[in-house]
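Residue-level structure breakdown
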Amino acid sequence: WATLLHDVAKPRVLEFGSAADPTIRTPDHARRSAAIAAAVGERLAFTRSDRETIGWLIEHHMSLKDIEQMRPVRREQFLLDPRFPLLLELHRADVLGTDPSDLSLYEHDLALYEAIKAEHGRSSTSTSSPLITGDDLIGAGIQAGPAHREILEAVRDAQLEGRITTKQQALDLAHRLIAKPS
């Protein structure tokens, strides 16, 4: 269903370029196609889980080209999402429907996925789990609140980039982030 509906909104958002820039664009088609797919799934009485999966696949089908630009935490979450292999297959099917077919992005993202999956499969890796949690922040005297998520993401980014490797370094970084003026 995701393969069938992933571009369904393109005719609604189609923008033709000018003589100076003849590029044809379909801005926001992924998000709008996901909304149409949700309505189709509702009408066809798909399960909530199926509707959510189909919607996620459609909404993210253009995100594969952006993986390298994602922050490390976001990239890790995206690649380790249990739906990611389905997203890769949607991308492969989409590419094979074009002429000429170029599977280089698919192959690149598949290799990234396999590498991060293998990294998380190793128990000895220093990045297999976050160095600190929200409970650790509270225990270190950092008041609970909306900033916790941002702090934890920044700490995880630093961990994944290899800038910190211990819980104490993570807590020190969290305190520096809190002390930073907004």
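Structure: see above.
Here goes a summary of the coordinates provided. Throughout, a residue's number is its position along its own chain's written sequence, starting from 1. With pLDDT at 70 or above as the cut-off, local features in this predicted model cover only qualifying residues; side-chain atom pairs require 80 or more to be listed or tallied, and sums for whole chains, interfaces and linings still use all residues. As a convention, hydrogens and water are excluded, and side-chain values are obtained from all of the structure's heavy atoms.

What follows covers the side chain of Ser 33. The numbering of helices and of strands both runs from the N terminus, where a helix is a DSSP run of H or I of at least 4 residues and a strand a run of E of at least 2. Position of Ser 33 among the secondary structure elements: in helix α3 (residues 29-43). Setting aside residues no more than four positions away along its own chain, Ser 33 makes contact with Leu 5, His 6, Asp 7, Val 8, Ala 9 and Ile 58. Whether two residues are in contact is decided by their heavy atoms, any of which lying within 4.5 Å being enough.

Definitions used for this entry: grid spacing 1 Å over protein atoms alone; cavity, a set of points where a 1.4 Å probe fits but cannot get out; pocket, an open set with protein on both sides within 12 Å along at least 5 of 7 lines; lining residue, one with an atom within 4 Å of a point. Grid points are joined across faces, edges and corners, and a volume is the space filled by probe spheres set on the points. Counted under the stated rule, the structure contains one cavity of 30 Å³ or more. Taken as a whole, the largest cavity encloses approximately 40 Å³ of empty space. Around the largest cavity, the lining residues are Leu 5, Ala 37, Ala 38, Val 40, Gly 41, Phe 46, Arg 51, Ile 54 and Gly 55. Where the lining of the largest cavity is concerned, the elements lending two or more residues are α3 and α4 (48-60). No other element matches α3, which puts four residues into the lining of the largest cavity. Any residue outside Ala, Val, Leu, Ile, Met, Phe, Trp, Tyr, Cys, Pro, Asp, Glu, Lys and Arg is labelled polar, Gly included; the first ten of those are nonpolar and the last four are charged. When the residues that make up the lining of the largest cavity are grouped by side-chain class, the tally is six nonpolar, two polar and one charged.

Between the N-to-C directions of two axes lies an angle of 0 to 180 degrees, each axis being a line fitted to C-alpha atoms and, for a helix, fitted only over the stretch in contact. Across the interface, helix α5 (residues 72-80) lies against helix α7 (residues 104-121) with an axial gap of 10 Å and an inter-helix angle of 95°. Relative to α7, the element α5 is oriented roughly perpendicular. Where α5 abuts α7, its residues Glu 76, Leu 79 and Leu 80 lie against Leu 112, Tyr 113, Ile 116, Lys 117 and His 120. Here the contact of α5 with α7 is built from residues that sort into five nonpolar, one polar and two charged. Relative orientations are named as follows: roughly parallel for angles under 35 degrees, roughly antiparallel for angles over 145 degrees, roughly perpendicular for angles from 65 to 115 degrees, and oblique for any other angle.

Now for α4. For α4, with 13 residues, the first-to-last C-alpha span of 18 Å sits near the 18 Å given by 1.5 Å per residue. Burial status follows relative accessibility: with a 1.4 Å probe on protein chains alone, a residue under 20% of its type maximum counts as buried, one over 50% as exposed, and anything between as partly exposed. Regarding α4, the residues found buried are Ile 54, Gly 55, Trp 56, Leu 57, Ile 58 and His 60. The inward-facing, buried residues of α4 contact α1 (2-5), α3, α5 and α6 (84-96). Residue count minus one, scaled by 1.5 Å, sets the expected span of a helix.

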